[in-house]
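The chain contents come next:
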Amino acid sequence: MLRAVRTLAPLTRCCSSFVSRMRFVERLKRDDGACAAALQSGQMFLFHRLAPLLQRTERGTLRPVARRTSDVQSILQRLGSDPALLEKSVLIGCSQQNQAQFCLDVGEVDQEVLEEACEGNFIDLKKSFFLLPAAEAPLVAKGQALLRWHQTSGFCSTTGRPTFRNRAGSQRVSGDIIYYPKMSPVVIALVSDGKRCLLGRQVSFPRGMYSALAGFCDMGESLEETVSRELAEEVGLELLSISYSSSQHWPFPHSSFMIGCHATVSPAHTQLSVDQSELEDARWFSLEEVVTALQVKAPPPRGTAGLWLPPKHAIANRLISEWAEQQRRSLDRETELQIPD
Ligand SMILES: NC(=O)C1=CN([C@@H]2O[C@H](COP(=O)(O)OP(=O)(O)OC[C@H]3O[C@@H](n4cnc5c(N)ncnc54)[C@H](OP(=O)(O)O)[C@@H]3O)[C@@H](O)[C@H]2O)C=CC1
Ligand SMILES: [Mg+2]
């Protein structure tokens, strides 16, 4: 059983400006002239060999540096770089102020000199992603994903000839073959037996971290088939139901499209058979353990056995929070029903 549980309320609030921004971006993808003009007055997010340009905030977090294209142009000119470099900019969106947003990889320019000129640092996204504001992290991830796609898609896989991009960088063309940016669909499911939820960890996870179980979709599979197969493969469970929650673009390892679900198993069939080649461990956790872990902001100290959950940016955190909330509500309902008149 699959049902959508998320509404689109945030989009409908500012519908007219949202619609005009989306249509503006769509026009820039189709119209090279309009895109070149929008670049001149647009905002630019710089990357150096795919590491985004970021500034440290007073609160110890990071934020992406958005510069006017004209400022970037003068900085690059001052540093003697090729003026044609700007043509490699890729359209990534449109700000709330209706400014077109672009990203550009300036990997050919000296990193330190550029960092000084731009008043920021180029920091690997693996190290910086979770320190970015939740509202801005997706834009940075999108920029990196598109830049990587361009850097690895220079040749047609059918003919071996070069591919050429449109001005916005939303497609690459070789003869009559058009390529679009690629991403890999991944399902992630939080499984519940009615009282507990199932979390697992891979050897590569940070110490103490457990997450909802995930897996790449195989060719030809539906979402339900992928969730069912992954849970059977990784922990030997058969599911009773699956419901869709929400989705997110995920930059690791490379552009994944994460589709988040809740799933249930019968309380009578919760025995786990963990595939150790995929998971180091998988366990059932109580509501109390999960609620405590949701408050933990840093990895547990070395030598302690504390549970640590993926941070707020990760869809796993959302699924776990939704489950905890739903469990709490049903416990409240049970308590209400037990109160005598
Ligand atoms: N945002 C979030 O909250 C979370 C995100 N994730 C993400 O989900 C992703 C998938 O989870 P994971 O459990 O690792 O997936 P899987 O259980 O599918 O296992 C990964 C293996 O699948 C194979 N594979 C099949 N297709 C692909 C593909 N398109 N790209 C890469 N590998 C592929 C590879 O093995 P082989 O080479 O042997 O075929 C790979 O090692 C992870 O990369 C992780 O970043 C995971 C948890 C939380
Ligand atoms: Mg997996």
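Calculation rules
- Residues numbered from 1 in each chain as written.
- Chains lettered and ligands numbered in written order.
- Predicted model: local features only at pLDDT ≥ 70, side-chain atom pairs only at ≥ 80, totals over all residues.
- Heavy atoms only, no water.
- UniProt positions renumbered as here; feature names shortened; annotations may be inferred.
- Donors = N, O, S within 2.8 Å, 3.2 Å for Na, K, Ca; no water.
- Helix = DSSP H or I, 4+ residues; strand = E, 2+ residues; numbered from the N terminus.
- Buried < 20%, exposed > 50% of the residue type's maximum accessible area, 1.4 Å probe, protein only.
- Arc of directions from axis to C-beta.
- Polar contact = N/O pair within 3.5 Å; in protein donor to acceptor, adjacent residues only side chain to side chain.
- Contact = heavy atoms within 4.5 Å.
- Salt bridge = Lys/Arg side-chain N within 4 Å of Asp/Glu carboxyl O.
- Near = heavy atom within 4 Å.
- Areas by Shrake-Rupley, 256 points an atom, 1.4 Å probe, with all protein chains shown as cover.
- Phe/Tyr/Trp six-rings, centres within 6.5 Å; stacked < 30°, edge-to-face > 60°.
- Domains from an automatic or database assignment.
- Buried area = accessible area lost by both parts, 1.4 Å probe.
- Nonpolar A, V, L, I, M, F, W, Y, C, P; charged D, E, K, R; others polar.

By the naming in an unreviewed UniProt entry, the protein goes by NAD(+) diphosphatase and is assigned to Sander lucioperca. Under Cofactor (unreviewed entry), UniProt gives the following word-for-word description of the protein: "Mg(2+)".

So, about the coordination of the magnesium ion (ligand 2). Note on the magnesium ion (ligand 2): its protein donors are Ala 214 (O) and Glu 234 (OE). The metal-donor distances range over 2.2 Å. Residue Ala 214 is located in strand β13 (residues 213-216), and its partner Glu 234 is located in helix α8 (residues 223-235); the two are separated by 20 residues in the primary sequence.

This paragraph deals with helix α3 (residues 32-40). For α3, the set of buried residues is Ala 34, Cys 35, Ala 38 and Leu 39. All buried residues of α3 lie within an arc of 140° about the axis, which places them on one face of the element. Capping the start of α3, Asp 31 holds a side-chain oxygen 3.1 Å from the backbone nitrogen of Gly 33, two or three residues further along.

Turning to the side chain of Ser 256, a few remarks are in order. By the secondary structure assignment, Ser 256 is in strand β15 (residues 256-264). When its relative accessible area of 1% is taken as the criterion, Ser 256 is described as buried. Once residues within four sequence positions are removed from consideration, Ser 256 is found in contact with Ser 184, Val 186, Phe 216, Gln 248, His 249 and Trp 250.

A full pass over the atoms with the stated rule returns 12 salt bridges. Among the salt bridges present, the one from Arg 229 reaches Glu 230, with a minimum N-O distance of 3.0 Å. Grouping residues by exposure puts Arg 229 and Glu 230 together as buried. Members of the salt-bridge network, linked through shared partners, are Asp 218, Glu 221, Arg 229, Glu 230 and Glu 233.

Attention now moves to the site of ligand 1. Near ligand 1 you find 19 residues, and of these Gln 202, Phe 216, Glu 234, Gln 248 and Ala 316 are the closest. One of the side-chain N or O atoms of Gln 248 is found 3.0 Å from a nitrogen atom in ligand 1. Within the contact set of ligand 1, an oxygen atom lies 2.9 Å away from a backbone nitrogen or oxygen of Ala 316. Burial of ligand 1 by the surrounding chains reaches 58%, relative to a free accessible area of 920 Å². Secondary structure elements with two or more residues in the shell around ligand 1: β11 (184-192), β13, α8, β14 (241-250) and α10 (315-338).

Summarising the element assignment, Thr 270 is placed in the loop between β15 and β16 (281-286). The exposure class assigned to Thr 270 is buried, which follows from its relative accessible area of 16%. When the C-alpha positions of Thr 270 and Val 191 are compared, they lie 10 Å apart, and in sequence the two are 79 residues distant. Look past the residues within four positions of Thr 270 in its chain and what remains in contact with it is Asp 193, Arg 196, Leu 237, Val 265 and Trp 284.

Moving on: the packing of aromatic side chains. The description of two aromatic rings rests on the distance between their centres and on the angle between their planes. Going through the model one piece at a time under the given rule, you end up with 6 aromatic pairs. Judged by centre distance (5.2 Å) and plane angle (70°), the ring pair of Tyr 210 and Phe 285 falls under edge-to-face. In this pair, Tyr 210 is assigned in the loop between β12 (196-201) and β13 and Phe 285 in strand β16, connecting sequence segments 75 residues apart. Relative accessible area serves as the criterion here: at 7%, Tyr 210 is assigned to the buried category.

One frequently used descriptor of interface size is the decrease in accessible area upon assembly of the parts. Domains assigned within the protein are domain 1 (20-179) and domain 2 (184-338). Look at where the C-alpha atoms of domain 1 and domain 2 centre, and you get two points 34 Å apart. Among the residues domain 1 hides against domain 2, the three largest losses belong to Phe 129, Phe 130 and Arg 148. Together they make up 55% of the total. Applying the counting rule to domain 1 against domain 2 returns 0 salt bridges. Between domain 1 and domain 2 we count 2 residue pairs in polar contact (both at pLDDT 80 or more) in total. When residues of the side of domain 1 that touches domain 2 are assigned to their parent elements, the largest contribution, 6 residues, is made by helix α7 (residues 137-151). Here the side of domain 1 that touches domain 2 is composed, by residue class, of 9 nonpolar, 1 polar and 3 charged.

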